[in-house]
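# Coordinates in review
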2 protein chains.
Amino acid sequence: LNNLIDYFISQKSVLLEYWRYIFPILVALYVFISFYDKRRYGGKKQLNQQQVEKNASNKKLVNDEAADGDENEDFEDDELQPSLENKLYIPFTGAKITLDPDQKIAAEKFYKIVNDRRSVRKYSSRKIDVEILEKCIHAAATSPSGAHTEPWTFCLISDPDIKLQVREIIENEEFINYTQRMAKQWVTDLKPLKTDHVKEYLTEAPYLILIFKQTYGFKPDGQKKQHYYNEISTSIATGILLCALQSAGLSSLVTTPLNCGPALRILLDRPPHEKLLVLLPVGYPSEDCSIPDLQRKPIDEILVKY
Amino acid sequence: LNNLIDYFISQKSVLLEYWRYIFPILVALYVFISFYDKRRYGGKKQLNQQQVEKNASNKKLVNDEAADGDENEDFEDDELQPSLENKLYIPFTGAKITLDPDQKIAAEKFYKIVNDRRSVRKYSSRKIDVEILEKCIHAAATSPSGAHTEPWTFCLISDPDIKLQVREIIENEEFINYTQRMAKQWVTDLKPLKTDHVKEYLTEAPYLILIFKQTYGFKPDGQKKQHYYNEISTSIATGILLCALQSAGLSSLVTTPLNCGPALRILLDRPPHEKLLVLLPVGYPSEDCSIPDLQRKPIDEILVKY
């Protein structure tokens with residue numbers, strides 16, 4: 001190796017000559033990369049590194065899959081309250097309220113209700129009693145969550161001005177998406193579906209529900225409290241919300257507006273630790289509403305029995 | 001700057017002297033960092049970088065939040081089938097099957113059903129008709145998903161041997177978690193809840209449901225098809241499953257076994273593009289089942305109206 005270096009140095013005298021310029025550039029580059037890395041990946045990098053070490057030292061299955069486990073803390077459930085207070089335990093006998101005394105009929109009834117759900121993009125202006133929506137959101141918030149942190153905030157918008165501002169933020173971003181960001185193939189693929197950057201449903205639907213995940217919370221003493229699994233928990237709550245809306249005869253559409261999270265958070269005056277997960281217009285289909293004739297996968301493609 | 005460099009070089013002649021050793025080390029360090037980065041963050045880094053550029057060039061809100069948008073593609077919904085075939089459109093008039101003709105009563109009924117749900121850790125051995133579980137899973141699979149990719153697989157286990165193997169995999173990992181990986185504070189916090197690495201429910205519950213997210217799928221020609229938002233989609237499906245089980249009078253517990261995904265995937269012979277999202281024991285509470293007397297947040301802590 002030393003021979004190689006000697007050879008390299010003797011050949012490239014020009015490198016030594018300009019070294020005074022090259023060196024600070026290299027240093028600056030290194031500093032920039034380190035800084036960039038830290039800023040971008042901060043905690044995540046540390047987590048992955050820890051995980052790699054863990055996996056290596058425990059001689060457990062180490063393969064590519066280990067790397068994608070950003071959420072490897074135990075999700076656990078309502079029970080897992082990480083607090084020092086001794087919780088009172090009460091007996092529990094299971095579900096008291098079901099859809100039918102016959103469990104098979106109950107499961108069938110529930111399946112029929114949710115199987116009737118389709119995503120709706122064109123809404124009528126028909127009003128909805130706000131109490132119905134409140135009750136549906138209350139139902140969503142019964143979701144289990146990592147360590148019972150309940151890491152969600154539901155923003156319910158009916159004010160036409162605010163709906164318009166939401167629409168402007170999203171349409172501006174979507175216009176850039178469709179014209180600059182999205183691959184040509186993707187835009188071409190979408191053409192038959194008449195999907196473009198114009199999102200009329202954002203002002204047509206009587207209500208918008210914006211669901212924020214809380215990436216962390218606060219203990220009574222003001223200290224930060226990590227919200228493990230806040231995205232999975234809030235998504236499960238979203239699933240419960242969809243069932244509630246459907247049970248009450250309301251239609252919706254699950255969307256994740258590309259790049260709009262921060263602007264919408266500021267518009268709605270939510271704190272920085274809340275991040276937009278999904279946005280749902282809620283209402284009734286317009287008279288001319290139509291949907292693509294899609295089929296769902298048959299049960300044997302999604303269920304494996306052991 | 002040049003003066004500074006001159007000064008630097010004259011002072012630190014030792015640096016020039018040992019340059020032949022320092023230079024290759026710097027190069028190796030740089031190569032290592034680049035390589036390490038690519039391996040760890042591959043696509044993600046690219047995405048974030050694009051995003052930074054986008055945000056900068058569009059003079060849009062650029063702040064720390066932009067960095068956490070791993071899933072910045074449009075989630076969209078059932079409708080968004082990215083395929084060139086022209087889908088047939090059919091009229092849609094909204095929900096036909098609801099819980100009650102009166103929407104307020106329907107929403108209230110649904111709320112009461114799901115509010116009755118509590119996570120159960122102790123199960124009786126009482127059997128469940130498999131058809132009920134199949135129907136509940138079928139209901140979960142009506143979930144919307146990014147571009148209608150339906151990126152989920154439900155593994156339903158009743159075989160006692162396989163349940164025992166699942167338990168062994170998880171208990172071995174959990175023992176390491178509790179004794180080595182988890183912070184002392186966390187383990188201390190859990191003591192009053194009597195939560196430890198022994199997971200009897202994994203063999204006591206008549207059924208286990210393991211829900212896998214499919215990180216990608218395959219087109220008819222065998223090409224890989226990206227599954228955008230597979231985690232959010234599969235979590236929403238999990239939320240629907242919880243409602244279905246509850247409606248049918250069954251109890252469950254949402255868990256995310258720490259570090260066990262790959263071993264469980266191999267045990268159940270699932271392909272590498274499927275990653276374990278959650279594991280749910282399903283059944284009836286045992287006679288001595290008890291739950292902590294937890295309260296849920298009041299509605300005004302989770303709902304903001306505009």
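To keep things clear, this report deals only with the structure shown in the data block. (Residues numbered from 1 in each chain as written. Chains lettered and ligands numbered in written order. Predicted model: local features only at pLDDT ≥ 70, side-chain atom pairs only at ≥ 80, totals over all residues. Heavy atoms only, no water.)

Here Leu277(B) is to be found in strand 7 (residues 274-283). Judged by its relative accessible area of 5%, Leu277(B) falls in the buried class. With 46 residues separating them along the chain, Leu277(B) and Glu231(B) place their C-alpha atoms 7.6 Å apart. Setting aside residues up to four positions removed in sequence, Leu277(B) forms contacts with Ile232(A), Ile211(B), Phe212(B), Lys213(B), Glu231(B), Thr234(B), Ser235(B), Thr238(B) and Thr256(B). (Helix = DSSP H or I, 4+ residues; strand = E, 2+ residues; numbered from the N terminus. Buried < 20%, exposed > 50% of the residue type's maximum accessible area, 1.4 Å probe, protein only. Contact = heavy atoms within 4.5 Å.)

Moving on, we come to unusual backbone geometry. Positive phi, normally seen in glycine, also occurs at Ala147(A), with a value near 55°. Tracing the backbone through its elements, the reader meets Ala147(A) in the loop between helix 6 (130-140) and strand 2 (152-157). Accessibility expressed as a relative area gives 8% for Ala147(A), which makes it buried. Despite not being glycine, His148(B) shows a phi value in the positive range, around 50°. With respect to the helices and strands, His148(B) occurs in the loop between helix 6 (130-140) and strand 2 (152-157). Using a relative accessible area of 10% as the deciding quantity, one classes His148(B) as buried.

To continue, consider the packing of aromatic side chains. A complete count under the given rule lists 2 aromatic pairs over all chains for this structure. Ring centres of Tyr216(A) and Phe218(A) lie 5.7 Å apart, and the angle between their planes is 85°; this geometry places the pair in the edge-to-face category. In this arrangement the basic side chain of Arg126(B) is found over the ring face of Tyr284(B), its NZ or CZ atom lying 3.7 Å from the centre. (Phe/Tyr/Trp six-rings, centres within 6.5 Å; stacked < 30°, edge-to-face > 60°. Lys NZ or Arg CZ within 6 Å of the ring centre and 35° of its normal.)

This next bit is on the side chain of Thr142(B). Mapped onto the elements of the fold, Thr142(B) is located in the loop between helix 6 and strand 2. A polar atom in the side chain of Thr142(B) sits 2.7 Å from the backbone oxygen of Ala139(B). Filtering out sequence-adjacent residues up to four positions away, Thr142(B) remains in contact with Tyr111(A), Val114(A), Asn115(A), Arg117(A) and Arg296(A). (Polar contact = N/O pair within 3.5 Å; in protein donor to acceptor, adjacent residues only side chain to side chain.)

Taken as a whole and judged by the stated rule, the model has 22 salt bridges over all chains. Two residues, Arg270(A) and Glu274(A), come together in a salt bridge whose shortest N-O distance is 2.7 Å. In this structure Glu274(A) comes out as buried when scored by relative accessible area, which is 2%. A cluster of three or more residues bridged by salt bridges with shared partners is formed by Lys104(A), Asp129(B) and Glu131(B). (Salt bridge = Lys/Arg side-chain N within 4 Å of Asp/Glu carboxyl O.)

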